[in-house]
Amino acid sequence: MRIDILTLFPDMFQGPFSESIIKRAVEQGSVEIVLHDIRDYSRDKHKQVDDYPFGGGAGMVMQIEPIAAVIEQLKSERSYDEIMYMSPDGQRLNQGIVNQLSLKDNMIILCGHYKGVDQRIRDHYITREISIGDYVLTGGELAAAVVVDSLVRLIPGVISDETSALSDSFQDNLLAPPVYTRPAEFNGWRVPDILLSGHQAKIDQWREDQALARTKKLRPDLLDEGEGEKG
Ligand code: ADE
């Protein structure tokens, strides 16, 4: 999988992409993440990338030319399955969308800033708009990092225990059951006896029951969503 990220602030990705599982995924070649500074594509002598909105109003708008230039350049090099724009207006991210995206080969993620990008970019290039929740961030970078993190861990071989991604919360529209590790007792707080019983079938049943009970209690809305959400 190759992910091209178009941003005005490439350094914002240094933290999230240089640690732990994403770092390993990049090093082992499971994913290639290429950052493009949109400012490098500005033809303006001051490297300007934004301008006042037509019709007036507060805030600046990211101009069409530099963004179109990066996208055209990338599209001339390879084909893309998806050109995404991170925006609070977009489809709210969930595990089903992440599952779909994890099957793509090449994708572009455009991060907006200020008042957003010129609408013509959205109309003519963007294939999917994604929001990570109903709140407004200062820009699309943190949202893009969330998308990349959630989908890279689904690429086969990225998480060493292959089954662990499948037993995540949300993978079956259920929250994950509680987990425990040693010591079996701390401050008098005991791990449930069933987990120490060695009886695998009973343990599996207990976990299923717990997942369902937790979902009913904490996120009953997930149980109404049905199969369509799983992607
Ligand atoms: N950009 C600003 N806010 C955002 C959000 N909630 N999701 C995705 N991109 C954003």
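- Per an unreviewed UniProt entry, the protein goes by the name tRNA (guanine-N(1)-)-methyltransferase and belongs to Geofilum rubicundum JCM 15548.
- According to its UniProt record, the protein has this under Sequence similarities (unreviewed entry): "Belongs to the RNA methyltransferase TrmD family."
- On record in UniProt, under Subunit (unreviewed entry), the comment for the protein is "Homodimer."

**So, the domain arrangement of the protein**
Item 1. Domain annotation for the protein reports domain 1 (2-152) and domain 2 (167-230).
Item 2. Taken over C-alpha atoms, the centre of domain 1 sits 35 Å from the centre of domain 2.

**Here's the deal with the site of the ligand**
Item 1. In the vicinity of the ligand, the residues found are M86, S87, P88, I130, S131, I132, G133, Y135, V136, L137, G139 and A143.
Item 2. Within the backbone of I132, one N or O atom sits 3.0 Å away from a nitrogen atom of the ligand.
Item 3. At 3.1 Å, a backbone N or O of G133 approaches a nitrogen atom of the ligand.
Item 4. Its free accessible area being 260 Å², the ligand has 96% of it covered by the protein chains.
Item 5. Among the elements that make up the shell around the ligand, the one with the highest residue count is strand β5 (residues 82-92) (three residues).
Item 6. Its residues assigned to classes, the shell around the ligand shows eight nonpolar, four polar and no charged.

**Considerations on a nonpolar patch on the surface**
Item 1. A grouping of F9, M12, Y114, Y135, L137 and L142 is seen on the molecular surface, where their side chains present a nonpolar patch of about 550 Å² in accessible area.
Item 2. Position of L137 relative to the elements: it lies in the loop between β7 (128-131) and α6 (141-152).
Item 3. Note on L137: relative accessible area 33%, which makes it partly exposed.

Parameters at a glance
- Residues numbered from 1 in each chain as written.
- Predicted model: local features only at pLDDT ≥ 70, side-chain atom pairs only at ≥ 80, totals over all residues.
- Heavy atoms only, no water.
- UniProt positions renumbered as here; feature names shortened; annotations may be inferred.
- Domains from an automatic or database assignment.
- Near = heavy atom within 4 Å.
- Polar contact = N/O pair within 3.5 Å; in protein donor to acceptor, adjacent residues only side chain to side chain.
- Areas by Shrake-Rupley, 256 points an atom, 1.4 Å probe, with all protein chains shown as cover.
- Helix = DSSP H or I, 4+ residues; strand = E, 2+ residues; numbered from the N terminus.
- Nonpolar A, V, L, I, M, F, W, Y, C, P; charged D, E, K, R; others polar.
- Patch = residues over 30% accessible without salt bridge, like charges linked within 9 Å, V, L, I, M, F, W, Y side chains within 5 Å.
- Salt bridge = Lys/Arg side-chain N within 4 Å of Asp/Glu carboxyl O.
- Buried < 20%, exposed > 50% of the residue type's maximum accessible area, 1.4 Å probe, protein only.

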